[in-house]
Structure formats: C-alpha cells, structure tokens
Amino acid sequence: MTLTHYAFSSSYFMSFLGLIFYRKHLLSALLCLEAMMLILFISLCLWGLILASTVFSAGPMILLAFSACEASAGLALLVAMARTHGTDRLKNLSLLRC
Amino acid sequence: MHFTTMILSSSLLTVFLILTLPILGTLNPNPTKSQWAKENVKTAVKTAFFVSLIPLFIFINEGLEVIMTNWEWMNTLMFNINISLKFDLYSVVFTPVALYVTWSILEFASWYMHNDPNMNRFFKYLLIFLIAMIILVTANNMFQLFIGWEGVGIMSFLLIGWWSGRADANTAALQAVAYNRVGDIGLILAMAWMAVNLNSWEMQQLFSLTASHDLTLPLLGLVLAATGKSAQFGLHPWLPSAMEGPTPVSALLHSSTMVVAGIFLLVRLSPMMENNPLVLSICLCLGALTTVFTATCALTQNDIKKIIAFSTSSQLGLMMVTIGLNQPYLAFLHICTHAFFKAMLFLCSGSIIHSLNDEQDIGKMGGLHQLLPLTSSCLTIGSLALTGTPFLAGFFSKDAIIEALSTSYLNAWALVLTLLATSFTAIYSLRVVFFVSMGHPRFNSLSPINENNPSVMNPLKRLAWGSILAGLLITTNITPMKPLVMTMPLTLKLAALTVTITGLLTALELASLTSQQFKTKPLPTTHHFSNMLGYFPSVIHRLIPKANLVLGQLVANQTIDQTWLEKTGPKMMTSINLPLISSTSNLQQGVIKTYFLMFFFTMILAILTLV
C-alpha cells in the first residue's frame, strides 16, 4: 500500500473512531462525520486525478452535495435536541432514567 | 516507505507522544484535579502499553528492526549529533515489558499513595522517569543514551527522597546520586574516548570500527558506568539504602527498570566487548562477586524491602556474569523476566506493609497466608520464579545462564560463586515466605488487614500472570542471537536445580530450628520399642480412626457441601448467570453509544475479513 493509501485509510479510520467514541457533546460526533466526508472528498478528487480519467470528475461534487444534506440533517437533530433538552450533551437524554 | 516499517516506527513514536502528553498537560496554570494521577497518567501508560504491542507483534512476525534518524541536532564538520532512535530486538521487547510493569505499579501506587497530598507530583515524577528510561532504551547514539541515563538518575534521586522530612531518606537519596555520579565518570570517559578516536557517537559507526582499535579504555569506562548504575560490588550500597523511598519507587526504579540500565548499556554495546577478553573477565568476576556478596547480605536481613533489594542486587550480579560470558541476549532475557517477578515481590511487600500498618520487619509478621491469601500466594509465585523453578518465568533465563556458565571455558571460580549465590537465593526466598506467610501471627491485632481494593489486587494478578508466562512467551517467540550449547553432562544440566533444592532444604531445616529446643540430656531410646508394645496400638488405635474421621469430614463438608452444592451445583448457576444478566440489562438501556460500539465491531470484522 502506498503512502497515500495509508494516509487516507488511517485518517478515515481515525475520524470514524472519533465518531464512535465521542464523550460529551453530540457536536463532536457531527464534526467527525464532517471530517470523514472531507477525507472522502479529497480521496475521490485524487483518485480521479491519479487515474487520469474524466469519468469520475463529477464524483466529488456529488459527494459534496450529499454531504451538505447530511450535515444539515445532523444539525437539525442537534438543534431539536438543544431545544428540548437545553444542551447537546448526550447524558441529558438518559438523566431521568433509573 | 514500506508499510510495516511505517507502522512500526509510527507506533513507537505514538508511544512517546502518549507518554509525554500528561506531562505537557501539567504546564497549564489551572490546578490539576485530584484524580488526575489515576485518570490521566495510568491510562496513558496503559494505552502506551497496548500501542507498543503492535511493534512487538510485527517484530515477532517479520523480524523487522528499524533505525530512525529524526533530527540533526548539532553538526560540525567532523562530528554529528542526531536524534536517532533504534528499534531493534532489545528496545522492541523491553518497551512493552517496562510499560506493562509500570502500568501495574501505577495502579498500585494510586492505592498506596492515595492519602499523600502530593500524589499528582509523584505520578508526574514516575512518568518522567519512564520517558527517560524509554529514551535510554531506544537510543541509537551515546548522547541520547546519556540523556536518558542522567534522566533516570535524577528522577531516582527525587523519588528516593520523596519523604524528605526523614533524614534517612535524604541520606539515601544523596548516596544514590553520589554512587551514580562515580559511575557516570566512566560513561563520560567512554564517550570522550569515542568522540576523539572513533569520531562518532552513533552506534553503527562504533560497531564498525571496533576491529581496528584497542577498546580497553572505553570498555573499562563502560564497566564502571554499569557498576555505578547497576549496583555492582564497590558501588553497591546505594541500592539497599534506596528502599527509603515509597514502595512503588522501589518496585519501578530499583528492581525492574533503572538498575538494569547499566546492564542494558553493556548489552547494547556488546559488539564492542566481544573481542576483549580482559573486560569480559572483569565483568565475569565482578558480577560473580556481586551476586554472592549481596546474596550473603540478604540472608540475615530483617526488613522485607531490604531483602528484596539485595535480591535485586544479586540478580544484577548474575546479569553481569552473563555479559562476562559474552551472552548479551541471555542477560537481556533475564532483564525482562526479572522485571515481572521482582516488581510483583515489591508490590506484595507494599500490600503487606500497608496492611500491617507500616510494619516492615519480618520478625513481626507471620501467618499472613490465612489473612492475605492472594498476596501471600503472589509472594510465593514471585519467590518461586526468582529461584528458577522449572517453567516459571525465571527458569528460562536463569537456567540458560547457568547452563552457559557451566559449559563455558571460563573462570571456574566465578561458576562456583554463582552456584553458591543461586542456593542463597533459595534460602533467603524461603526465609521471606516462611516468616511472612507461615506460622502464627506476630503482629499487633488491630491492623487493617484486607485485600478488598481492586487497585492492589489487579496489578498483583497481572504481574503474577506475567511471572508465570513471560519466560515462556519470550523464548518461544524470539530466537536468540547466538546458538546455545545444548549438550552437557547431566550433573551440569541439573546443577542449578540441585543447588536450589539444596538451599531450599537447608533453609527449611534452619527455619524449623527456630521453634525447637535442644534437649539438655539425651534420652535412652533402646527400650522404648518393646515398652510401647512395638508402637502398634498407638498407631493403629489413633491413626486409622483419625484418618476415617478426617476423610468423613472432608467428604461431607468440603466435597459435598462446599464443592458440589455451592461451587458446581445450584450456586454456580446463580453466580455465573447473575453477572451475565446484569451486564446484558445494562447494555440494553438504549444508550446511543452501545449502538455505535456494535457498529464499530462490525466495521472491524468487515475490515479484517476483507483485507
């Protein structure tokens, strides 16, 4: 595996770990999700450039559009949570549970 | 760059980063939380241990060794000093061992020092010590090694004198610094000679120029450095005095890590020593003298920590003997296995001392096998591993060393002394176990004896597993550098075992003499046989009914009641199912993180099966 492969795989994996193992704020999970999208965007761009093919040229833009949709959905959830619970801390959801 | 090389070097740099981060975290002006030590430092060392397993497994799988030269520090026309890290067999194997032992010791220290107001500073010192030790171990040039060397020396001074209100502790710390400094003169002499004559401090260049120079002077300097740091005879008194420090300090510095720095230096630079018979003989004789002298001193000590300290000194002498035999790999193997059981012995003694309300005299302990079963079992396991019981950790290294010693064409006097010291090891180990855990209690009755705290018991259990398995794991996975002599006469093969058993039996005999009284007048025994009717009624009328009754009690009480009905019968179902039930119901609370965790496991499985 080349250096590029290793760099992208490991940074994607790190962001994934950051998404899964976030502690307090839901916002940090959303940030990691954004980081994953960014890495995918860069790797799609580089993939098209390295293979010198024009077929995949539109790929990054489509990914960007979908990423924007997903980010807005995540933020809407965050805002809804902030409206009902006051913060976006995850522990607030289960405070009144025994 | 090749994939596995990148993984190995980045993992080891990650280890450095993980260990340095808590130290950098103390630079902020906000006061640290009271749980900082336990949360940040211990988890940092634990994480670093797990990360350092990756290079270990890569090394075992592929035999990959990496030398990284990172930064050019000072470069003149003729002489370069770089930051250069060498990850070969020695550092890749030693780093996980040191981190495992340190993790256990830090967890123990969070219990032992929990009502010390400066506990956070204590943990910070231990962490700085650990970083200096890893710098020493991974150094590829003498300058970096010297940085690590001085670092461990300074932290040793600060940690021995931790309870600085006590005059003995200050004296001991000063002794440690003074004796280490004398050794440092040797190291600086060697470094200066190398800078002038060999034009470099990088180890690769040093090893390639050894054939063309007479290396006696720098090698003598290195032996002096090892004598100072590893407490060989002549510069040895600082090690027993260093027991004035807290028990975690004794366990980490003065048993597993710092004192092996001198031996490690000689192991690292062993290609320079291979062809110099004078220096090898000096190492051999010095090591033999050290091991027998300190083992003799350990025979009649009364303080439990001093006995273990002298035991450490004796094992260091044994390592020096191995270097004198031109077997650096065996010395390194002994370093690794010794770290486990010696740290465990110190942790057991710390647990005992704390339970008996700071009593350190073994004459005032006793009967702890019933009261502290886990601790005394671990003490026994550690002592057995120390004496070289077959197939525990110490056996693989110690027996290999004594076999190499017996089959070599070197000094027979050194062999005799080493065998004598091996039997002494058995004697003082039995003495510790006998006075601490056997017999009747000799301490005050209101001591807080308990084994309730998992911060103490988990490190002991972990180190016990290490003491049992470490020797086997290391020898089966890593091939030695030199072929060992495998054929020898049966007496020589069993020499170590024979002298150990002899020592054990002697010690048992001597220990049982403490509870007997010599008769003032010998009794005539000739007519006793017929007087007592040939002992027939007294044996048959007492022995057989007693055996029957005991068997009945055993069957009814232990076998049926305790074993079948409680452990393996109905109660086993409850005791196994209850944790399962509670953990399952805890998992299914509906918390988002659980779902993420399952997602993570699925991803890992998918990656592992697809790649």
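These numbers were taken from a predicted model, which means no experiment stands behind them.

What counts and what doesn't
- Residues numbered from 1 in each chain as written.
- Chains lettered and ligands numbered in written order.
- Predicted model: local features only at pLDDT ≥ 70, side-chain atom pairs only at ≥ 80, totals over all residues.
- Heavy atoms only, no water.
- Helix = DSSP H or I, 4+ residues; strand = E, 2+ residues; numbered from the N terminus.
- Rg over C-alpha atoms; globule rule 2.2 N^0.38 Å.
- Buried < 20%, exposed > 50% of the residue type's maximum accessible area, 1.4 Å probe, protein only.
- Contact = heavy atoms within 4.5 Å.
- Areas by Shrake-Rupley, 256 points an atom, 1.4 Å probe, with all protein chains shown as cover.
- Lys, Arg positive; Asp, Glu negative; His and termini not counted.
- Charge placed at Lys NZ, Arg CZ, Asp CG, Glu CD.
- UniProt positions renumbered as here; feature names shortened; annotations may be inferred.
- Core = buried A, V, L, I, M, F, W, Y, C linked by side-chain atoms within 4.5 Å.
- Axes fitted to C-alpha atoms, helices over the stretch in contact; angles between N-to-C directions.
- Parallel < 35°, antiparallel > 145°, perpendicular 65-115°, else oblique.
- Left-handed = near helix turned anticlockwise from the far one by under 90°.
- Nonpolar A, V, L, I, M, F, W, Y, C, P; charged D, E, K, R; others polar.
- Salt bridge = Lys/Arg side-chain N within 4 Å of Asp/Glu carboxyl O.
- Pairing = 2+ DSSP bridges.
- Buried area = accessible area lost by both parts, 1.4 Å probe.
- Polar contact = N/O pair within 3.5 Å; in protein donor to acceptor, adjacent residues only side chain to side chain.
- pLDDT = per-residue confidence, 0-100.

Q: Would you mind showing me how to read the overall build of chain B here?
A: Within chain B one finds 26 helices and two strands. Since a compact globule built from 611 residues should have a radius of gyration of about 25 Å, the 27 Å found for chain B is in line with a globular shape. Seen along its three principal axes, the alpha-carbon backbone of chain B occupies a region of about 100 × 70 × 55 Å. The proportion of buried residues among the 611 residues of chain B is 53%. Here the contacts in chain B between residues at least 6 apart in sequence split such that 80% fall between residues at least 24 apart. Of the accessible surface of chain B, which amounts to about 28,100 Å², a share of 67% is contributed by carbon and sulfur atoms. Taken together, the 29 basic and 24 acidic charged side chains of chain B have centroids lying 9 Å from each other.

Q: Sorry if this is basic, but what is going on with the UniProt feature "transmembrane region" (unreviewed entry) in chain A here?
A: Residues and elements named next belong to chain A. Those residues carrying the UniProt feature "transmembrane region" (unreviewed entry) are residues 6-22, 29-50 and 62-82 in this numbering. The distance from the first to the last C-alpha atom of residues 6-22 is 24 Å, and the span holds 88% helix and 0% strand. When the span residues 29-50 is considered, its composition is 100% helix and 0% strand, and the gap between its end C-alpha atoms is 31 Å.

Q: Can you help me understand the nonpolar core in this one?
A: Nonpolar side chains tend to gather and get buried jointly when the protein is soluble and globular. In terms of nonpolar packing, the biggest core is built from 189 residues, with Leu19, Met194 and Leu222 of chain B touching the most fellow members. For this core, the element with the highest residue contribution is helix α15 (residues 328-355) of chain B, accounting for 18 residues. Dropping the residues within four chain positions of it, Met194 of chain B is found in contact with Met142, Asn199, Ser200, Trp201, Leu206, Leu222 and Met272 of chain B. By size, the runner-up hydrophobic cluster in this structure holds 14 residues, among which are Phe16, Tyr22 and Leu26 of chain A together with Phe596 of chain B.

Q: Just checking my understanding: could you explain the packing of helix α13 (residues 277-299) of chain B against helix α19 (residues 412-437) of chain B for this structure?
A: A pair of packed helices is captured by two measures, namely the crossing angle of their axes and the spacing between those axes. Residues and elements named next belong to chain B. The interhelical angle for the contact between α13 and α19, taken along N-to-C directions, is 25°, at an axis separation of 8 Å. Between α13 and α19, the interaxial angle falls into the category roughly parallel. The handedness of the crossing between α13 and α19 comes out as left-handed. Where α13 approaches α19, its residues Leu284, Cys285, Ala288, Leu289, Thr291, Val292, Ala295, Thr296, Ala298 and Leu299 are matched on the opposing element by Trp413, Ala414, Leu417, Thr418, Leu420, Ala421, Phe424, Ile427, Tyr428 and Arg431. By residue class, the composition of the contact of α13 with α19 is 16 nonpolar, three polar and one charged.

Q: Explanation requested: the pattern of salt bridges in the structure shown.
A: For side chains bearing opposite charge, pairing can occur when the charged atoms are close. Residue and element names in this part refer to chain B. In the structure shown here, the tally under the stated rule is seven salt bridges over all chains. Measuring nitrogen to oxygen at the nearest pair gives 3.5 Å for the salt bridge that ties Arg166 to Asp168. Overall, Arg166 belongs to the partly exposed group, its relative accessible area being 42%. In this structure, Arg166 and Glu244 form a salt bridge, with 2.8 Å as the shortest nitrogen-oxygen distance. Of this pair, Arg166 sits in the loop between α5 (142-160) and α6 (167-198) while Glu244 sits in the loop between α9 (238-241) and α10 (247-257), and the two are 78 residues apart along the sequence. Residues joined in a network through salt bridges with shared partners are Glu150, Arg181 and Asp184.

Q: In this structure, what is going on with the pairing of strand β2 (residues 80-87) of chain B? I would like to understand it.
A: Residue and element names in this part refer to chain B. A large share of β2 lies buried, amounting to six of its eight residues. Sheet analysis places strand β1 (residues 66-75) next to β2, joined by eight bridges and oriented antiparallel. Residue pairing across strands places Trp71 opposite Ile83, the latter belonging to β2. Hairpin connection from β1 to β2: four residues lie between these consecutive antiparallel strands.

Q: Help me understand the interface of chain B and chain A in this model?
A: When the parts of a complex come together, some accessible area is lost, and that lost area is often taken as the interface size. Taken together, the contact between chain B and chain A spans 15 residues of the former and 15 residues of the latter. Together, the buried faces of chain B and chain A total about 1,300 Å²; carbon and sulfur atoms form 78% of this surface. Sorting the residues of chain B by area buried against chain A places Lys593, Phe596 and Phe600 of chain B first, and these three jointly supply 36% of that buried surface. The tally of links from chain B across to chain A stands at zero salt bridges. At the surface where chain B touches chain A, the tally comes to zero residue pairs in polar contact (both at pLDDT 80 or more). Every element with two or more residues in the side of chain B that touches chain A is listed here: α1 (3-25) and α26 (592-610) of chain B.

Q: Got a minute to help me understand the confidence of the model for chain A in this structure?
A: Note that predicted coordinates carrying low pLDDT should not be read in detail. Chain-level statistics for chain A give a pLDDT mean of 87 and a share of 97% at 70 or above. The lowest-confidence element of chain A is helix α1 (residues 3-20) of chain A, averaging 88 in pLDDT; the highest-confidence one is helix α3 (residues 59-85) of chain A, averaging 92.

Q: I keep staring at the environment of Asp88 of chain A and nothing clicks. Help me out?
A: All names here are of chain A. Residue position: Asp88 is located in the segment after α3. Along the backbone, Asp88 and Leu64 are 24 residues apart, and their C-alpha atoms lie at a distance of 26 Å. Polar contacts involving the side chain of Asp88 include one to the main-chain amide nitrogen of Leu27, which spans 3.3 Å.

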